[in-house]
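For reference, the chains in residue letters:
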Amino acid sequence: MTERIFKAEGLVLRTRVLGEADRLVTILTWEEGKFEAVAHGARKIKSKLAAGVDIFTHGRFTFHRGKTWPTITSQDPIEHFLWFRENPDLYPYGLYLAELTDRLISGEESSAGFCQLLLDGWRLLGEDVDRFLLCRAFELKLAHIAGYSPHLHCCTSCGNERTVAFSPRQGGLLCSRCKGVDVISMAPGTVAIARRFIEAPLSQAGLIRPSVQQRQELALVTAAFLNYHLDLGEIKSRRLLTD
Ligand SMILES: [Zn+2]
């Protein structure tokens with residue numbers, strides 16, 4: 001029988017107003033996946049829950065299983081990532097990583113990999129990192145963990161190792177003979193960076209020094225790939241990014 005009370009460590013991805021005084025909180029947890037939970041009274045000024053259920057909270061939570069949503073009965077914050085509130089330039093980046101994670105996972109899958117990636121992303125944004133590279137690496141790593149990794153080793157169509165372009169529709173590289181019309185140029189150096197983004201820890205992303213052309217290719221390839229597979233056009237916070 002499923003326990004009515006359960007505990008989980010998690011990250012708050014999103015909160016919504018619910019009724020007069022409550023909040024509906026989307027939490028990504030290490031142990032129980034992603035789900036929504038009610039924080040009763042969290043909109044009241046004196047609420048003990050209020051500060052612990054804001055977006056950008058990493059904490060330990062206790063839940064009571066209800067008929068519709070679980071209820072958060074207590075929370076013990078571990079980190080608040082205050083830099084997102086103190087620096088208006090950073091806020092959209094933290095929001096973007098949360099929104100992308102929220103959109104990519106349904107809640108059924110094993111979530112420890114997603115939790116650690118988002119935690120690393122939020123922490124690194126508080127440091128002096130190249131935010132453009134961090135976001136591109138995050139996108140590719142997230143897609144990889146979710147099982148949508150782009151094919152970046154040889155031509156997706158014929159296996160030729162000399163590739164020249166990326167096809168969002170086919171989810172991978174193409175050689176000069178196989179490339180059609182709806183492809184994006186992707187030079188071997190850019191492919192190598194994208195592969196390193198997927199394979200190396202997120203903290204290494206900012207150590208790479210791509211050329212202007214490589215940055216442009218990385219931006220086009222990741223946006224088109226995510227857009228094709230995830231309908232990224234609806235991710236509002238991506239439009240707020242300045243790098
Ligand atoms: Zn080919």
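Keep in mind that this is a model prediction, so the values were computed, not measured.

Chemist: Could you give an account of the overall build of the chain, naming the residues involved and the relevant values?
Modeler: For the chain, the count of helices and strands is six helices and eight strands. Starting at the N terminus and walking to the C terminus, you meet the elements of the chain as β-β-β-β-β-α-α-α-α-β-β-β-α-α. In summary, the chain has a C-alpha radius of gyration of 20 Å against a globular reference of 18 Å for 243 residues, a match within 12%. Structurally, the chain occupies a C-alpha span of about 65 × 40 × 30 Å along its principal axes. Within the span of the chain, comprising 243 residues, buried residues form 47% of the whole. Partitioning the contacts of the chain with sequence separation of at least 6, the portion at a separation of at least 24 is 57%. Summed over its atoms, the accessible surface of the chain is roughly 12400 Å², and 50% of this surface lies on carbon and sulfur atoms.

Chemist: Report on helix α2 (residues 91–104), specifying residues and quantitative values.
Modeler: The periodicity of an α-helix, 3.6 residues per turn, causes residues three or four places apart in sequence to face the same way. With 14 residues, α2 should reach 20 Å at 1.5 Å per residue; the first-to-last C-alpha distance of 20 Å fits that figure. Counting buried positions along α2 gives ten out of 14 residues, so the element sits mostly inside the fold. Every buried residue belonging to α2 is among Pro92, Tyr93, Gly94, Tyr96, Leu97, Ala98, Leu100, Thr101, Asp102 and Leu104, and all of these are buried.

Chemist: How would you summarise the nonpolar core if you had to cite specific residues and measurements?
Modeler: With 52 residues, the main nonpolar core has Trp122 and Phe197 as its most contacted residues. Looking at this core, the elements that each hand over two or more residues are β1 (5–18), α2, α3 (112–125), α4 (131–145), α5 (188–199) and α6 (212–230). Among the elements that line this core, the one with the most residues is α4, at nine residues. In this structure tryptophan 122 touches Leu11, Val12, Phe56, Thr57, Phe81, Trp83, Phe84, Gly94, Leu97 and Ala98, once residues within four positions along its chain are discounted. In terms of nonpolar packing, the next biggest core, distinct from the first, is built from 14 residues, Phe35, Ala37, Leu49 and Val53 among them.

Chemist: Describe the coordination of the zinc ion, and please don't skip the residues or the numbers.
Modeler: Around the zinc ion, the protein supplies Cys155 (SG), Cys158 (SG), Cys175 (SG) and Cys178 (SG) as donor atoms, at distances of 2.3 Å. Taken together, the four donor atoms surrounding the zinc ion define angles of 102 to 117° at the centre, an arrangement classified as tetrahedral. The motif formed by the donor residues of the zinc ion, counted along the single chain, is C-x2-C-x16-C-x2-C. Of the two residues, cysteine 155 sits in the loop between α4 and β6 (163–167) while cysteine 175 sits in strand β7 (residues 172–175), which places them 20 residues apart along the sequence. For the pair cysteine 155 and cysteine 175, one class covers both residues: buried.

Chemist: Give a detailed account of the pairing of strand β4 (residues 58–64), specifying residues and quantitative values.
Modeler: Burial within β4 is extensive, with five of its seven residues counted as buried. Pairing of β1 with β4, which is carried by seven bridges, proceeds in the antiparallel orientation. In the sheet register, glycine 10 faces β4, and the bridge partner there is glycine 59. As paired elements, β4 and strand β5 (residues 71–79) share seven bridges and run antiparallel to each other. If you follow arginine 60 over to β5, its bridge partner there is aspartate 76. Hairpin connection of β4 to β5: six residues between the antiparallel strands.

Chemist: Explain the sheet that holds β7 residue by residue, including any values.
Modeler: Strand order in the open sheet made by the three strands is β7-β6-β8, with antiparallel pairing throughout. For this open sheet the edge positions go to β7 and β8 (184–185), each flanked by a neighbour on one side alone. In the sheet, β6 pairs with β7 via four bridges, with the strands oriented antiparallel. In the sheet register, serine 167 faces β7, and the bridge partner there is glycine 172.

Chemist: Talk me through unusual backbone geometry; I want residue IDs and the actual numbers.
Modeler: Backbone geometry at phenylalanine 56 places phi at a positive 65°, although glycine is not the residue there. Located in the positive-phi region is phenylalanine 81, a residue other than glycine, with phi close to 50°. Counting through the fold element by element, phenylalanine 81 comes out in the loop between β5 and α1 (83–86). Looking at phenylalanine 81, the relative accessible area reads 2%, which means it is buried.

Here is what the cut-offs are and how they apply
- Residues numbered from 1 in each chain as written.
- Predicted model: local features only at pLDDT ≥ 70, side-chain atom pairs only at ≥ 80, totals over all residues.
- Heavy atoms only, no water.
- Helix = DSSP H or I, 4+ residues; strand = E, 2+ residues; numbered from the N terminus.
- Rg over C-alpha atoms; globule rule 2.2 N^0.38 Å.
- Buried < 20%, exposed > 50% of the residue type's maximum accessible area, 1.4 Å probe, protein only.
- Contact = heavy atoms within 4.5 Å.
- Areas by Shrake-Rupley, 256 points an atom, 1.4 Å probe, with all protein chains shown as cover.
- Expected span 1.5 Å × (residues − 1).
- Core = buried A, V, L, I, M, F, W, Y, C linked by side-chain atoms within 4.5 Å.
- Donors = N, O, S within 2.8 Å, 3.2 Å for Na, K, Ca; no water.
- Tetrahedral: all angles 85-135°; square planar, octahedral: opposite > 155°, others 65-115°.
- Pairing = 2+ DSSP bridges.

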